[in-house]
Amino acid sequence: MLAELGLAALALSFVAALYALVMSVAGERLHREALVISGRNAALATFPLLLVATGALLVALLTRDYQIAYVWSVTDPQTPDFFRFTALWGSQRGSLLFWCLTMSLFTTGAILLNWRSDRRLMPYSIAFMMAALLFFVGLVLFLENPFTRFWILPAAPADAQVVETALIPPGAVLPDATRLADTSQGLNPLLRHFGMIIHPPMLYLGFVGFTVPFAFAMAALASGDLSSNWIKATRRWSLIAWLFLSLGLILGGRWAYDVLGWGGYWGWDPVENAAFLPWLVGTAFIHSVMIQQKRGMLKVWNMFLVIATFSAVMFGTFATRSGVIESVHSFARSEVGFPMLAFWGTMTLIALALLLWRWQRGDLQDEHHFTGLLSRETLFVLNNIIFMALTVVIFWGSFGAPILSELFTGTEITLGVDYFMQVTPPLFLAMYVLMGIAPLSAWSATSVARLGRALFVPALLTGAALLLIGLSSPLTLVALIGYGAVLLAGFVAMVETVRGAAARRATRRESWPRALAALFGRNQRRYGGYLVHLGITVIGIGVIGSTVFQLETRRTLAQGETTRIDAEYELRYDGFERGLAADGRTINTATVTVFRDGAVVTQLRPRIDDYPDMPMTIAGAHSTLEKDFYVLLTGVDTAGAVATFKVYINPLVNLVWWGGLILILGTLIATWPRESAPERARVTQTLRGRRLEAAG
Amino acid sequence: MTRSLLTLALLLLCLLPARAQRLVTQDDITLIAEKLYCPVCENIPLDDCGMPACLEWKDEIGRALAAGQSEDQIIAGFVARYGEQVVGVPQQPGLRALALVTPWLLVLLVSAGGWLTFRRWRRATPGPAPLPAVTGTAGEAEDYRQRLERDV
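Keep in mind that this is a model prediction, so the values were computed, not measured. (Residues numbered from 1 in each chain as written. Chains lettered and ligands numbered in written order. Predicted model: local features only at pLDDT ≥ 70, side-chain atom pairs only at ≥ 80, totals over all residues. Heavy atoms only, no water.)

Along the backbone of chain A there are 21 helices and 12 strands. Looking at chain A residue by residue over its 696 residues, the buried ones come to 59%. A separation of at least 24 residues holds for 69% of the contacts in chain A among residues at least 6 apart in sequence. Looking at chain A as shown, the accessible area adds up to about 27300 Å², and 66% of this sits on carbon and sulfur atoms. (Helix = DSSP H or I, 4+ residues; strand = E, 2+ residues; numbered from the N terminus. Buried < 20%, exposed > 50% of the residue type's maximum accessible area, 1.4 Å probe, protein only. Contact = heavy atoms within 4.5 Å. Areas by Shrake-Rupley, 256 points an atom, 1.4 Å probe, with all protein chains shown as cover.)

We now examine helix H2 (residues 33-62) of chain A. An α-helical turn contains 3.6 residues, so any two residues separated by three or four positions project in the same direction. When the terminal C-alpha atoms of H2 of chain A are compared, their 44 Å separation across 30 residues agrees well with the 44 Å that a helix rising 1.5 Å per residue should span. Just beyond H2 of chain A, the residue with positive phi is Arg64 of chain A, at close to 60 degrees. (Expected span 1.5 Å × (residues − 1).)

On to the pattern of salt bridges. Under the definition given, this model contains 28 salt bridges over all chains. As a salt-bridge pair, Glu33 of chain A and Arg119 of chain A come within 2.3 Å of each other at their nearest N and O atoms. One end of the pair, Glu33 of chain A, is in helix H2; the other, Arg119 of chain A, is in the loop between helix H5 (92-114) and helix H6 (122-143), and 86 residues separate them in sequence. A relative accessible area of 38% means that Glu33 of chain A is categorised as partly exposed. Arg119 of chain A gets classed as buried once you look at its relative accessible area, which sits at 7%. In this structure, the salt-bridge partner of Arg84 of chain A is Asp81 of chain A, at a minimum N-O distance of 3.9 Å. Here Arg84 of chain A pairs with Asp81 of chain A, and both are found in helix H4 (residues 81-86), just three residues apart, close to one helical turn. With relative accessibility at 0%, the residue Arg84 of chain A sits in the buried group. The exposure class of Asp81 of chain A is partly exposed, given its relative accessible area of 45%. One connected set of salt bridges, linked through shared partners, spans Glu552, Arg554 and Lys646 of chain A together with Asp47 and Asp48 of chain B. (Salt bridge = Lys/Arg side-chain N within 4 Å of Asp/Glu carboxyl O.)

All names here are of chain A. Mapping Thr671 onto the fold places it in helix H20 (residues 654-671). Judged by relative accessible area, which is 8%, Thr671 ranks as buried. A distance of 2.4 Å separates a polar atom in the side chain of Thr671 from the backbone oxygen of Thr667. When sequence neighbours within four positions are dropped, the list of residues in contact with Thr671 reads Arg236, Leu239 and Ile240. (Polar contact = N/O pair within 3.5 Å; in protein donor to acceptor, adjacent residues only side chain to side chain.)

All names here are of chain A. As summarised here, the arrangement of the four strands in space is S3-S12-S11-S10, forming an open sheet in which the pairing is antiparallel. Of all the strands in the sheet, just strand S3 (551-558) and strand S10 (620-623) have a single pairing partner and so form its edges. Adjacent strand axes in the sheet meet at a mean angle of 20 degrees, parallel and antiparallel pairs treated alike. As paired elements, strand S11 (residues 627-636) and strand S12 (residues 642-651) share nine bridges and run antiparallel to each other. Bridge assignment links Asp628 to a residue of S12, and that residue is Asn650. (Pairing = 2+ DSSP bridges. Axes fitted to C-alpha atoms, helices over the stretch in contact; angles between N-to-C directions.)

Quick look at a nonpolar patch on the surface now. Residue and element names in this part refer to chain A. A surface patch of nonpolar side chains, about 430 Å² in accessible area, is lined by Ile403, Leu404, Leu407 and Phe408. When you line up the elements, Phe408 lands in helix H14 (residues 376-408). A relative accessible area of 66% means that Phe408 is categorised as exposed. (Patch = residues over 30% accessible without salt bridge, like charges linked within 9 Å, V, L, I, M, F, W, Y side chains within 5 Å.)

What follows concerns the packing of helix H15 (residues 417-437) of chain A against helix H17 (residues 477-508) of chain A. Residue and element names in this part refer to chain A. Here H15 crosses H17 at 30 degrees, and the two axes come no closer than 7 Å. In terms of orientation, H15 and H17 fall into the roughly parallel class. Between H15 and H17 the crossing geometry is left-handed. Along the contact surface, H15 presents Leu429, Tyr432, Val433, Met435 and Gly436, while H17 presents Ile481, Gly482, Ala485, Val486, Ala489 and Val492. Residues that form the contact of H15 with H17 fall into these classes: nine nonpolar, two polar and no charged. (Parallel < 35°, antiparallel > 145°, perpendicular 65-115°, else oblique. Left-handed = near helix turned anticlockwise from the far one by under 90°. Nonpolar A, V, L, I, M, F, W, Y, C, P; charged D, E, K, R; others polar.)

The subject of this paragraph is the confidence of the model for chain A. The predicted model of chain A has a mean per-residue pLDDT of 89, with 95% of residues at 70 or higher. In the predicted structure, residues 691-696 of chain A sits below a pLDDT of 50 and forms one contact with residues beyond four places in sequence or in another chain. (pLDDT = per-residue confidence, 0-100.)

All names here are of chain A. Even without being glycine, Trp268 reaches a positive phi, approximately 55 degrees. With respect to the helices and strands, the residue Trp268 is situated in the loop between helix H10 (229-260) and helix H11 (270-295). You will see that Leu652, though not glycine, has its phi angle at about 60 degrees, which is positive. Note that Leu652 resides in the loop between S12 and H20. Its relative accessible area of 23% is what places Leu652 among the partly exposed residues.

Residue and element names in this part refer to chain A. Pairing analysis gives four bridges linking S10 to S11, with the strands arranged antiparallel. Counterpart to Gly620 in the pairing with S11 is Val631. As consecutive antiparallel partners, S10 and S11 are separated by three residues.

Residues and elements named next belong to chain A. Here Gly90 is to be found in the loop between H4 and H5. Separated by 107 residues in the primary sequence, Gly90 and Ile197 place their C-alpha atoms 9.7 Å from one another. Leave out the neighbours within four places in its chain, and Gly90 touches Tyr70, Val74, Leu187 and Leu191.

In regular strands, side chains alternate between the two faces of the sheet. Residues and elements named next belong to chain A. Relative to strand S5 (residues 569-580), strand S4 (residues 562-564) runs antiparallel, the two being bridged by three bridges. If you follow Arg564 over to S5, its bridge partner there is Glu570. Counted between consecutive antiparallel strands, the loop separating S4 from S5 contains four residues. Relative to strand S6 (residues 586-596), S5 runs antiparallel, the two being bridged by 11 bridges. Looking across to S6, one finds that Arg578 is bridged to Asn588. Counted along the chain from S5 to the antiparallel partner S6, the turn is five residues long, and its residue Gly584 has a positive phi close to 95 degrees.

The following block contains the structure:
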């Protein structure tokens, strides 16, 4: 029953998306309002339908319906209810369905919230959003259906009696429920972590969220409304998508740190990079649209960036789901690879063709031109170049070089941490320097002297901070330069915020908290943005500290033996226990005591969970803001008398997570809805445009 | 002179077995294993891989170090046996250049494209005159105050 319900809802959502796509385009081309509205209603129907389909699969997971092949492959009778929820996105089929649901959620939100204000853009926006949704629902329905069931065909030969189909084959009987439960496979051990309940949905929301600005941009190109309306309409959607993508990346890093057992949070794995690429292009886009909004410039470039962001999202999805790139993150090789590649290529080509067409017609003329070499516009363009350069070198290392090498030389190569640590640091450094300078420059033109004066206080604070850090611990040249650039960016954000609050206090006699609150409330975008910059600064400090100053050592200890790790820390191996968990894994736990300057700091219990298919190394960590003492149990003899530990001391690593929280807070402030007047203005403008169009 | 050379040669001969059996720490192995990738499971550094084959390869690194092989020799040995995919940056000069030089060429290309576009923009019809320059700290403070008032 659940399978039938899910299948019917999925099929109906496919039909609804197709209908919405056709009606929206037809309505717009034929100027038939009724068709457009009919298309919109069909588009709105996709969300409840996909909610029903996803709900059916979730109920099947919770009620242990092992006849559904997906339920059988990702859960077993021992799987706790908590992980039955996460199993929804624990494998390709379920996660694609969940992906469709999040995409339809964004689509519904965009239609409902922008229908009145951006009426002229809506038909084509709906068409492009539905094209994307149609493709993914089609993938789920025809290639990766999560509602296929096991059947027994008694009349078939013995080796072909068990079949897996979506529809009931003639003469089929139900398989034995107990046998199905006994043979069910259970969730991938890597996914049995709290972080997995939130990391994938965040990443999916980030990925699919960029469909909305892309669809509006394409609608602008297709409809000819090439003003900044599409940017105003999608600014918040872009920020929301960027927020979720950032959150997904940060949570992914935390999950890797906790679960993958290698002492770090970013391994430059191709699939990690595939999620990072849209973030980089999306960040360039978020900065670049400000120039179009303020100065009416970079219209072609912004179109290109939104296309590149969507294209990066589609490529990332393809890289993760096709199995073309081997990674701890990627789903197994599947049939969706070629269709995804075709969809990615087709959408990108259509988008670029539309852009070229409008560009050649001269429809994307800038309203202003660059007047000074040193201006906020120029620095934003430089910022864009840095983000694009980062995108290019990361893409090259993750995909370009390995693919080209194999194609043209027949040699398989891997570009790993060594490559990325050679090519990315100079670009990240430039990014932080620009983050420090750009907010201080003025639109149109600024002078070096003026910029220098504005930089004086932040630079002074940076120098003082570097001096303090240098006095407390020795700094390498790399760390000094890195911290210098990162701190400058942070101090600029803080000084600008304090300066703004001080100006309010001077003119309105407000208290500091009130002045700050008013400042953030009245110009959310600027001060939310400063907070985001501060978050990126804190992340940067954490990354430099935990990369440059990380200590890593491996020690083998007998029970009761103590070893010195560095000048401060010692580690004692206290004991070992082995037990069998309810879900069938063997848990090997060591107990160790950590000493700092001779005093006991904490007792940790690193462990190895032995699953039938794979072992998982779960770290024991003592976390403080200053550093993490992170211990992995990497080997142990049968009796537990001797064990090998890998110990990491990760200075400032927690700043990566705290910086992430600040970034999220800043983005929320920048995104929070407030501007009602511009929306009204857009409604009036759009309606006036439509009246003129109808009259003409 | 000949006696000195003979003494030196004898001393070196005495040292050779000691070098051949030098004490290898687990951190020495880690330093090399971190630079290698698991030859059978793509994109997992050898040091982080817990597969039995990888554990054996790590032991092999230890034995090679104890036998006096250098880091470069050990890495070259792995590349010779399993191919270029076992290292984070290819060893073969042509592939190494392709891997490391191309991204910088691409960055130069992106930058040159940006610069040319910018020059084109500058040559295009000039826009409205820039805002009047405000000089002096008092003027700047007033300018800042006005900007802030507009913003908030």
